[in-house]
Amino acid sequence: MKFADIAGHSDIINSLRQMADSGKIPHAILFSGISGIGKFRMARAFAQYIHCSARRDGDSCGVCPSCIQHQKHNNPDLHFIYPVVKRDGNSVSTDFIEPWKEMLSEWSYMPPEKWNELIQAGNSQPAIFVSESEDIIARASLSAFQENFKIFLIWLPEKLRLEAANKLLKIIEEPFEDTVFLLVCNDESKLLPTIFSRTQRLYFRPLSESDIATHLLRTKGVGTEIANAASRIAEGSMGKAESLACHPDEILEFSDIFKDTMRMAYGLKAQALKGISEKCAAMGREKLIRFLSYCSRMVRENFIYNMKIPQISLMTPDEEQFSLRFSPFIHEGNVEGLDSEIARASSDIERNANAKIVMFDLMLLISQWVRTPKPSVLPI
């Protein structure tokens, strides 16, 4: 991965380049921002730049032995740490090296739900366990194999179990001179404060629509219309944009179910809603959480559309066509209630509640909210 492969974030690229060129690399750097905006790709590009033996034009060369090893995911001085599930006792990252290489090759914007699928997490919550911390400490105590620096690239440090995080505090604060920690975090509010305080932070802003569209056109071979539509509704996330542009089937499926749900809910078709809830429950936890996130987005976008400001509404042409008629039913009298119930259902599913019960309950509540009349006078 080279800096040239990164969409946007030119200011951060310049900062990282200056760190490496000056030889003043912080011992621990936190790459922080929403999922799918290229933080992990940036960390990989930075690690390759540090190790490259023939940097040129402000980037790694891509052809020296170190760069080739990076591109093949087998540089001995780059250690990937990531959340896993327990298999026959304690588990560490290297136990899942094959799905990890697939993730790096095929899903470089690192959607967590895809990682859960690759490791067959099921209803388990991937985490970084204390056995991983012990392994990091052991490897950090050894000399670098061939490079000037050993680099530990930790994906989702917020998934560190408390005992695992505490065990790493000293080595992150006072690492060996040839050791660098790069932490790539999607939600820093869940990161242990004592870890957070020991890092230098780089905050990544959501990508612009033009950066996203240009990347899709250049690297994914999609048409201009699809690239523009995906960039508009991706909310600054390249990972989401790639999923929309290159794997639209799930979005189409979610759209159809959302439409059926709202039609049946308004018509008080309880039996049909029960069937939809069972269909949703059969998706499995991770996909169902993605569907509920989609529903939440559509409720929000329809409310915006109903407020007569479609220019800031983030919908595909198909979604917008449905919203022409549906949006009047999402208004200031029910938008908060609908969004709250969908969020509560998602939270219940995350905690492994019975999906059939949760979803049928949600369908009935949606029926109540979507039929709530618009208030004649706005609340003060």
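A few points on the structure.

What counts and how
- Positions within a chain are numbered from 1, following the residues in the order the chain's sequence is written.
- Restriction of local features to residues with pLDDT of at least 70 applies here, the model being predicted, together with a cutoff of 80 or more for giving and counting side-chain atom pairs; totals for whole chains, interfaces and linings are based on all residues.
- To get the side-chain values, all heavy atoms of the structure are used, and hydrogens and water are removed first.
- For two strands to count as paired, DSSP must find a minimum of two bridges between them.
- Numbering of helices and strands starts at the N terminus; helices are DSSP runs of H or I of at least 4 residues and strands are runs of E of at least 2.
- What counts as an axis is a line fitted to C-alpha atoms, over the stretch in contact for a helix, and the angles between N-to-C directions run from 0 to 180 degrees.
- The labels follow the angle: roughly parallel below 35 degrees, roughly antiparallel above 145, roughly perpendicular from 65 to 115, and oblique for the rest.
- Crossings are classed by handedness, with left-handed meaning an anticlockwise turn of the near helix from the far one by less than a right angle and right-handed meaning a clockwise turn.
- Contacts: residue pairs with any heavy atoms within 4.5 Å of one another.
- Residue type decides the class: Asp, Glu, Lys and Arg count as charged, Ala, Val, Leu, Ile, Met, Phe, Trp, Tyr, Cys and Pro as nonpolar, and the leftover types, Gly among them, as polar.
- Buriedness for pockets is judged along seven lines, at least five of which must meet protein on both sides within 12 Å for an open set on the 1 Å grid over protein atoms alone, while cavities are sets there where a 1.4 Å probe fits but cannot get out, and lining residues have an atom within 4 Å of a point.
- Grid points are joined across faces, edges and corners, and a volume is the space filled by probe spheres set on the points.
- Only buried residues count toward a nonpolar core. Its members are Ala, Val, Leu, Ile, Met, Phe, Trp, Tyr and Cys residues joined through side-chain atoms within 4.5 Å.
- Buried, partly exposed and exposed residues are distinguished by accessible area as a fraction of the type maximum, computed with a 1.4 Å probe on protein chains only: under 20%, between the cut-offs, and over 50%, respectively.
- Here the aromatic set is Phe, Tyr and Trp, taking the six-membered ring for Trp, and pairing holds for ring centres within 6.5 Å; pairs whose planes are under 30 degrees apart are stacked, those over 60 apart are edge-to-face, and all others are tilted.
- A ring is considered to have a charge above it if a Lys NZ or an Arg CZ atom is located within 6 Å of its centre and within 35 degrees of its normal.
- By definition here, a salt bridge exists when the distance from a side-chain nitrogen of Lys or Arg to a carboxyl oxygen of Asp or Glu is within 4 Å.

1. Things to note about the sheet that holds strand 4 (residues 179-185)
Taking strand neighbours across the sheet as the criterion, the five strands line up as 2-3-4-1-5 in an open arrangement whose pairing is parallel. The open sheet has two free edges, formed respectively by strand 2 (78-81) and strand 5 (200-203), since each of these has just one partner strand. Pairs of neighbouring strands in the sheet enclose a mean axial angle of 20°, with direction left out of account. Inspection of the sheet shows strand 1 (residues 28-32) paired to strand 5 by four bridges, in the parallel sense. Opposite Phe-31, over in strand 5, you have Leu-202 as the bridge partner.

2. Topic: the packing of helix 14 (residues 285-306) against helix 17 (residues 355-370)
Close contact between helix 14 and helix 17 brings their axes to 12 Å; oriented N to C, the two are set at 15°. Between helix 14 and helix 17, the crossing angle belongs to the class labelled roughly parallel. Classified by chirality, the crossing of helix 17 by helix 14 is left-handed. Contacts between helix 14 and helix 17 involve Leu-288, Phe-291 and Leu-292 from the first element and Ala-355, Met-359 and Leu-362 from the second. Residues of the contact of helix 14 with helix 17, tallied by class, amount to six nonpolar, no polar and no charged.

3. Looking at empty space enclosed by the protein
Inspection of the entire model under this criterion finds three cavities of 30 Å³ or more. In this structure, the largest cavity encloses a volume near 80 Å³. If you go around the largest cavity, the residues you meet are Ser-35, Gly-36, Ile-37, Gly-38, Lys-39, Phe-40, Ser-108, Tyr-109, Met-110, Trp-155, Val-184 and Asn-186. Split by residue class, the lining of the largest cavity holds six nonpolar, five polar and one charged. Of the volumes computed, that of the second largest cavity is approximately 50 Å³.

4. Comments concerning the nonpolar core
One finds Leu-216, Phe-258, Cys-280, Leu-288, Phe-291, Leu-292 and Met-359 to be the most contacted residues of the largest nonpolar core, which totals 48 residues. Among the elements that take part in this core, helix 14 stands out by supplying eight residues, more than any other. Ignoring sequence-local partners within four residues, the contact set of Phe-258 consists of Phe-291, Tyr-294, Cys-295, Met-298, Val-299, Asn-302, Phe-322 and Phe-326. Counting residues in hydrophobic clusters, the runner-up holds 45 residues, among them Ile-12, Leu-78, Val-85 and Leu-118.

5. Here's the deal with unusual backbone geometry
With phi around 55°, Leu-268 is a residue other than glycine that occupies positive phi space. Relative to the helices and strands, Leu-268 is located in the loop between helix 12 (249-266) and helix 13 (270-281). For Asn-352, which is not glycine, the phi dihedral falls at a positive 65°. Judged by its relative accessible area of 43%, Asn-352 is partly exposed.

6. Regarding the packing of aromatic side chains
Taken as a whole and assessed by the stated rule, the structure comprises 19 aromatic pairs. By way of ring pairs, the aromatic residues Phe-254, Phe-258, Tyr-266, Phe-291, Tyr-294, Phe-322, Phe-326 and Phe-329 are connected into one cluster. The positively charged end of Arg-201 is found above the aromatic ring belonging to Phe-196, 4.4 Å away from the centroid. When the ring centre of Tyr-266 is taken as reference, the NZ or CZ atom of Arg-371 above it lies at 5.3 Å.

7. Considering the packing of helix 6 (residues 130-140) against helix 7 (residues 162-173)
Between helix 6 and helix 7, whose axes approach to 7 Å, the crossing angle comes to 20°. The angle between helix 6 and helix 7 places the two elements in the roughly parallel class. Our pair here, helix 6 against helix 7, has a crossing hand that is left-handed. Contacts between helix 6 and helix 7 pair Val-130, Ser-133, Glu-134, Ile-136, Ile-137 and Ala-140 from the former with Glu-163, Ala-164, Ala-165, Lys-167, Leu-168 and Ile-171 from the latter. Tallied by class, the residues present in the contact of helix 6 with helix 7 amount to eight nonpolar, one polar and three charged.

8. Let's talk about the pattern of salt bridges
Per the counting criterion, the structure on display carries 17 salt bridges. For Arg-198, the salt bridge identified is with Glu-173, shortest N-O distance 3.2 Å. Highlighted residues: Arg-198 in the loop between helix 8 (193-196) and strand 5 and Glu-173 in helix 7, separated in sequence by 25 residues. Linking Lys-190 and Asp-187 is a salt bridge whose minimum nitrogen-to-oxygen distance equals 3.9 Å. Among the residues examined, Lys-190 registers a relative accessible area of 60% and is labelled exposed. A cluster of three or more residues bridged by salt bridges with shared partners is formed by Glu-341, Arg-344, Asp-348, Arg-351 and Asp-361.

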